Amino acid sequence: MNERWGGISERQIFWGIMALAAILRAVAAVPFMIGWYDEIWQYLEPAWSLVEGPWIQTWDFRDGIRSWLLPQFLSLPMALGWWLAPDSALNLFLPRLLMAALSLTVVGCATQLGLRLSRLHGLMAGVVAAVWFELIYFAPRTLSEPLGFSLFMGAVWLLIARRYTPNFRAYQVAGFLLGLCFAVRIQYAPMILILTIWAARTEWRALWTPMVLGGLAALGVDAAVNLAMGNMPFRWMVEAVRVNVIEGRADSYGVSPVTEYLGMMGLHWFLLFPAILILARKGARHYPILFWIAVVHILCHSLIGHKEFRFIMAGAGLLVVLAGLGSADMLRQVPRQRLALTTVTMLFLWMGGSAALANAFFQHNWSRGAALAEIYDEIRSDLKSCGIAFHTPEGSVNGSYALLRRSIPMYSIDEPAELARYASSYNHILTYQDRLADLPSGFGQVQCGDAKDMDAAVCHARRAGGCSGDPVQHHYNAWLERRDN
């Protein structure tokens with residue numbers, strides 16, 4: 001490969017790709033968006049309670065099915081942002097930036113997996129991972145799925161991508177990363193188990209011992225974090241399985257057929273769907289274990305009734321990385337004199353295809369929830385703000401002190417008569433466009449965001465004057481508890 005690539009070293013390829021990936025992910029971390037409400041109410045909101053409080057507490061934490069590990073982790077950059085610039089949104093930006101930085105593990109691992117084969121494979125796999133729109137989108141998301149994938153790929157880097165045989169310390173660190181991955185996202189257990197069995201095989205003392213020790217250390221971190229919050233260690237894992245699997249709570253959010261994820265990938269990847277599958281299968285001959293991990297991951301989630309694309313983003317991401325390796329295999333068949341031009345063409349096809357898909361069906365994801373965040377900024381900047389009422393009878397969860405960054409009472413009121421009765425208790429109302437007729441007298445200056453902007457309360461009405469009275473029965477957390485939401 002030296003003759004084909006002239007003086008370009010592997011180091012230059014690696015760091016060039018990492019720089020490209022870092023820029024794209026930093027840019028994606030800047031605008032605030034809400035891909036899923038779980039980003040806020042399962043992670044940012046409890047993290048905010050550790051920094052400043054108060055917070056909106058959903059059923060997940062009331063029922064004890066969530067670990068405090070990720071909220072505790074996110075509270076560190078959040079606290080730094082709050083301390084440095086309390087009047088800005090830095091407390092929300094720094095957690096996104098940290099998640100984006102950790103996601104570089106995926107790109108670095110993909111590049112190193114390729115470099116083990118050739119510089120061409122390293123270039124293709126690395127660039128594909130760096131520019132693929134879904135990996136960019138998920139990178140700054142404050143969710144367990146992308147963080148778990150980053151931790152998993154860190155272990156893959158240590159166990160598979162490195163050129164020398166991993167030593168005791170490498171297996172120990174890999175076990176620690178996989179243990180953290182499990183603590184962050186217990187649904188990744190099949191992936192973790194397959195990789196562990198493949199890597200350790202029957203080397204009980206030499207390989208299993210350090211990996212188990214590392215994994216136990218990671219679980220110890222999770223146990224210590226939850227114990228510090230007054231919760232019994234590992235109880236959340238048991239409750240998560242009991243509530244979501246045995247009692248079927250997750251199914252209440254919608255059930256889809258077994259083939260749903262194939263449809264989702266077809267919708268997201270459109271015309272590139274068959275090409276990616278073909279290239280991934282071609283690239284899988286180099287790392288068949290990664291291909292089967294991806295397949296098992298997607299199949300296991302396909303057997304679960306409630307489905308969201310983020311649940312399989314790890315499996316889909318592995319397929320994309322393998323497709324990058326498969327692209328390099330195709331290029332190896334090109335005559336030497338045409339290799340450079342063909343490689344550049346292939347790279348531009350991947351970049352162009354990713355950009356086109358990012359702006360096709362997936363386009364709305366890049367601005368979801370932006371209207372809600374802007375409304376919160378307006379309320380926070382109004383020094384006379386003294387109460388917020390949410391008039392959203394559909395039951396959507398919109399209240400967030402992490403977004404508001406002020407300790408202003410929040411209420412949720414379903415009935416129009418009650419909304420008018422307690423109008424003196426708040427001077428801001430958030431509601432839907434089709435509920436504007438329910439606004440009490442005195443509330444004007446209505447501003448509405450994009451009606452297509454998910455199910456956020458995109459209309460904001462305000463009135464002049466202060467607040468009096470406190471309808472305790474309508475406090476947001478009390479409303480959530482009554483609705484078991």
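Owing to the predicted nature of the structure, the values given are computational and were not obtained by experimental measurement. (Residues numbered from 1 in each chain as written. Predicted model: local features only at pLDDT ≥ 70, side-chain atom pairs only at ≥ 80, totals over all residues. Heavy atoms only, no water.)

### A closer look at the overall build of the protein chain
Counted only if it meets this: In this text, helices come from DSSP runs of H or I with a minimum length of four residues, and strands from runs of E with a minimum of two, each type numbered from the N-terminal end. Radius of gyration here uses only the C-alpha atoms, and the compact-globule reference equals 2.2 Å multiplied by the residue count raised to the power 0.38. Classification of residues uses two cut-offs on accessible area relative to the type maximum, computed with a 1.4 Å probe and protein chains only: under 20% is buried, over 50% is exposed, and between them is partly exposed. The contact rule is simple, with two residues in contact once any of their heavy atoms fall within 4.5 Å. For every accessible area listed, the method is Shrake-Rupley and the probe measures 1.4 Å; residues are considered covered only by the protein chains on display. The charge count includes Lys and Arg as positive and Asp and Glu as negative, but it does not include His or the ends of the chains. By convention, charge coordinates are those of NZ in Lys, CZ in Arg, CG in Asp, or CD in Glu.
The secondary structure content of the protein chain amounts to 23 helices and five strands. Here the C-alpha atoms of the protein chain give a radius of gyration of 24 Å, agreeing with the 23 Å that 2.2 N^0.38 yields for 485 residues. In the protein chain, buried positions account for 55% of the 485 residues. Taking as baseline every contact in the protein chain between residues at least 6 positions apart, the subset at least 24 positions apart corresponds to 75%. Surface exposure of the protein chain reaches about 20300 Å², of which carbon and sulfur atoms provide 63%. Side-chain charges in the protein chain split into 38 positive and 35 negative, and the spacing between the mean points of these groups amounts to 13 Å.

### Quick look at the sheet that holds strand β2 (residues 410-412)
Rules: Being paired, for any two strands, means DSSP has found at least two bridges between them. Only C-alpha atoms enter the line fits that serve as axes; for helices the fit covers just the stretch in contact. Angles between N-to-C directions range over 0 to 180 degrees.
As summarised here, the arrangement of the five strands in space is β2-β1-β3-β5-β4, forming an open sheet in which the pairing is mixed. The two strands at the open ends of the sheet, each matched to only one other strand, are β2 and β4 (444-448). Across this sheet, the average inter-strand angle for adjacent strands is 20°, counted without regard to direction. Each of β1 (388-391), β2, β3 (428-431), β4 and β5 (459-462) is contacted by helix α20 (residues 370-381), which is oriented at about 15° to β5, the strand it contacts most.

### Regarding the pairing of β5
Taking every second residue as pointing to the same face, both faces of β5 are buried, with Cys 459 and Ala 461 on one and His 460 and Arg 462 on the other. Pairing of β3 with β5 involves four bridges; the strand directions are antiparallel. Looking at the pairing, Thr 431 lines up with Cys 459 of β5. Note: β4 against β5, three bridges, orientation antiparallel. In the sheet register, Gln 447 faces β5, and the bridge partner there is His 460.

### Concerning the pattern of salt bridges
Defined as follows: For salt bridges, the criterion is a side-chain nitrogen of Lys or Arg within 4 Å of an Asp or Glu carboxyl oxygen.
Applying the stated criterion across every chain yields a total of 14 salt bridges. One salt bridge in this structure joins Arg 285 and Asp 329, with 3.4 Å as the shortest N-O distance. Linking Arg 285 in the loop between α16 (272-283) and α17 (288-302) with Asp 329 in helix α18 (residues 313-331), this pair joins segments that are 44 residues apart in sequence. Classification of Arg 285 by relative accessible area gives exposed; the value is 60%.

### Some thoughts on the packing of aromatic side chains
This is how it is decided: Side-chain rings of Phe, Tyr and Trp (the six-membered ring for Trp) are treated as a pair once their centres are within 6.5 Å; stacked means planes under 30 degrees apart, edge-to-face means over 60, and tilted covers the remaining angles.
Going through the model one piece at a time under the given rule, you end up with 25 aromatic pairs. When the centroid spacing of 4.7 Å and the interplanar angle of 65° are considered together, the rings of Tyr 37 and Trp 41 count as edge-to-face. Under the relative-accessibility criterion, Tyr 37 is labelled buried at 15%. Using a relative accessible area of 3% as the deciding quantity, one classes Trp 41 as buried.

### Focus on α17
Our working definition: The span you would expect from a helix comes to 1.5 Å times its residue count less one.
Between the first and last C-alpha of α17 there are 21 Å, a value that for 15 residues agrees with the 21 Å anticipated at 1.5 Å per step. Every buried residue of α17 is listed here: Ile 289, Leu 290, Phe 291, Ile 293, Ala 294, His 297, Ile 298, His 301 and Ser 302. In this fold, the buried residues of α17 make contact with α7 (104-115), α10 (144-161), α12 (189-200), α15 (260-269), α16 and α18.

### Some words on unusual backbone geometry
Residue Gly 53 is joined to Pro 54 through a cis peptide bond whose omega torsion reads -10°. Despite not being glycine, Phe 234 has its phi angle at roughly 70°, a positive value. Considering the arrangement of structural elements, one finds Phe 234 in the loop between α13 (204-228) and α14 (235-246). Unlike most non-glycine residues, Arg 405 shows phi in positive territory, near 60°. Position of Arg 405 among the secondary structure elements: in the loop between α21 (401-404) and β2.

### Concerning the packing of α16 against α18
To be explicit about the condition: Angular relationships are summarised with four words: roughly parallel below 35 degrees, roughly antiparallel beyond 145, roughly perpendicular across 65 to 115, and oblique for the angles in between.
Contact pair α16 / α18: the axes reach a minimum separation of 6 Å and the direction vectors enclose 75°. Between α16 and α18, the angle falls in the class roughly perpendicular. From α16, Ile 276, Leu 277, Leu 279, Ala 280, Lys 282 and Gly 283 reach across to α18, where they touch Leu 319, Leu 322, Ala 323, Leu 325, Gly 326, Ser 327, Asp 329 and Met 330.

Such coordinate-based values are descriptive only and should not be taken to indicate function.
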